[in-house]
Amino acid sequence: MQFTSPPNPQEFNQRVWALVRQVPRGKVATYGQIALMLPPPNGADFESYKAFGARWVGGAMAACPDDVPWQRVINSQGKISERPGAQKQRQLLEEEGIIFMKDKVDLKKYGWRGLDEADKPKQEKLF
DNA sequence: GTTGTGACATCGC
DNA sequence: CGCGATGCCACAA
């Protein structure tokens, strides 16, 4: 289901995808995290946005292009949704070095921290 | 106008 | 760690 809502759903989605593409290999980001990182539309209430933003991110993921590693986007529980192919994605993540515990990943270790342009080179170096 | 649902989040047991 | 209950927003029937 496409939760149209942001003023520009397409643009919103693009922003989400762009963010997802920034996720380095071996790291994962949560819907809530992404939602918080994204700029609230129209200056909507931060609280409300926080409540539903995650779903908008989910909506964006539903239409994510092939060049978007959506598998790195998981819920706050550190799990992948029950969507078809999820298990396969889990395997991909494992190959990237992410350890799964009971279908859950250790966000403490693999949780992707926000992305700062200035911090970007640092991350590459770290890898 | 009311009801149900959705790739979610958070708190509590 | 696992499961359940509640809140949130927008949309379709």
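Provided above is the structure to which this section pertains.
Each chain has its residues counted from 1, following the order in which its sequence is written. Going through the entries in the order they are written, you letter the chains from A and number the ligands from 1. In view of the model being predicted, local features appear only for residues whose pLDDT reaches at least 70, and side-chain atom pairs are presented and counted only at 80 or more, with totals across whole chains, interfaces and linings using the full set of residues. Calculation of side-chain values draws on the structure's entire complement of heavy atoms; hydrogens and water are dropped beforehand.

Focus on the protein's contact with DNA strand C
To be near a molecule or strand, a residue needs just one of its heavy atoms within 4 Å of it. Close to DNA strand C lie eight residues, the nearest being S5, S48, F52, K102 and K104. Taking all atoms of DNA strand C within 4 Å of the protein, the share assigned to sugar and phosphate is 71%. One of the side-chain nitrogen or oxygen atoms of R55 is found 3.1 Å away from a base oxygen of DNA strand C. Here a phosphate oxygen of DNA strand C and a side-chain polar atom of K104 are 2.6 Å apart. Helix and strand definitions follow DSSP, with helices as H or I runs of at least four residues and strands as E runs of at least two, each counted in order from the N terminus. Broken down by element, the surface near DNA strand C gets its largest block of residues, four residues, from helix 3 (residues 46-62). Ten residue types, Ala, Val, Leu, Ile, Met, Phe, Trp, Tyr, Cys and Pro, are classed as nonpolar, four, Asp, Glu, Lys and Arg, as charged, and the remainder, Gly among them, as polar. Residues of the surface near DNA strand C, tallied by class, amount to two nonpolar, three polar and three charged. Within 3.5 Å is the distance limit for a polar contact, defined as a pair of N or O atoms, with the added protein rule that one can donate a hydrogen and the other accept it, and that residues adjacent in sequence qualify only through two side-chain atoms.

Looking at the protein's contact with DNA strand B
In the region of DNA strand B, 13 residues are neighbours, and Y31, R55, W70, S76 and R83 sit closest. Counting only atoms of DNA strand B within 4 Å of the protein, the fraction found in sugar and phosphate groups is 40%. The separation between a base nitrogen of DNA strand B and a polar side-chain atom of Y31 is 2.6 Å. Here a phosphate oxygen of DNA strand B and a backbone polar atom of G32 are 3.2 Å apart. Tallied by class, residues from the surface near DNA strand B come to seven nonpolar, four polar and two charged.

A word on the layout of surface pockets
By volume, the second largest pocket is sized at about 160 Å³. Broken down by element, the residue count for the lining of the second largest pocket peaks at three residues, all from helix 4 (residues 86-95). Taken together, the residues of the lining of the second largest pocket sort by class into three nonpolar, two polar and three charged. Residues are said to line a cavity or pocket when one of their atoms sits within 4 Å of a point; the points come from a 1 Å grid over protein atoms alone, cavities being sets where a 1.4 Å probe fits but cannot get out and pockets being open sets with protein on both sides within 12 Å along at least five of seven lines. Grid points are joined across faces, edges and corners, and a volume is the space filled by probe spheres set on the points.

A closer look at unusual backbone geometry
Its identity is not glycine, yet K102 carries a phi of approximately 55 degrees, on the positive side. Note that K102 resides in the loop between strand 3 (100-101) and strand 4 (104-105). Look at K102 and you get exposed, because its relative accessible area is 75%. With a phi close to 65 degrees, D103 is a non-glycine residue in the positive phi region. For each residue, the accessible area found with a 1.4 Å probe, counting protein chains only, is set against the maximum for its type, and the residue is called buried under 20%, exposed over 50%, and partly exposed in between.

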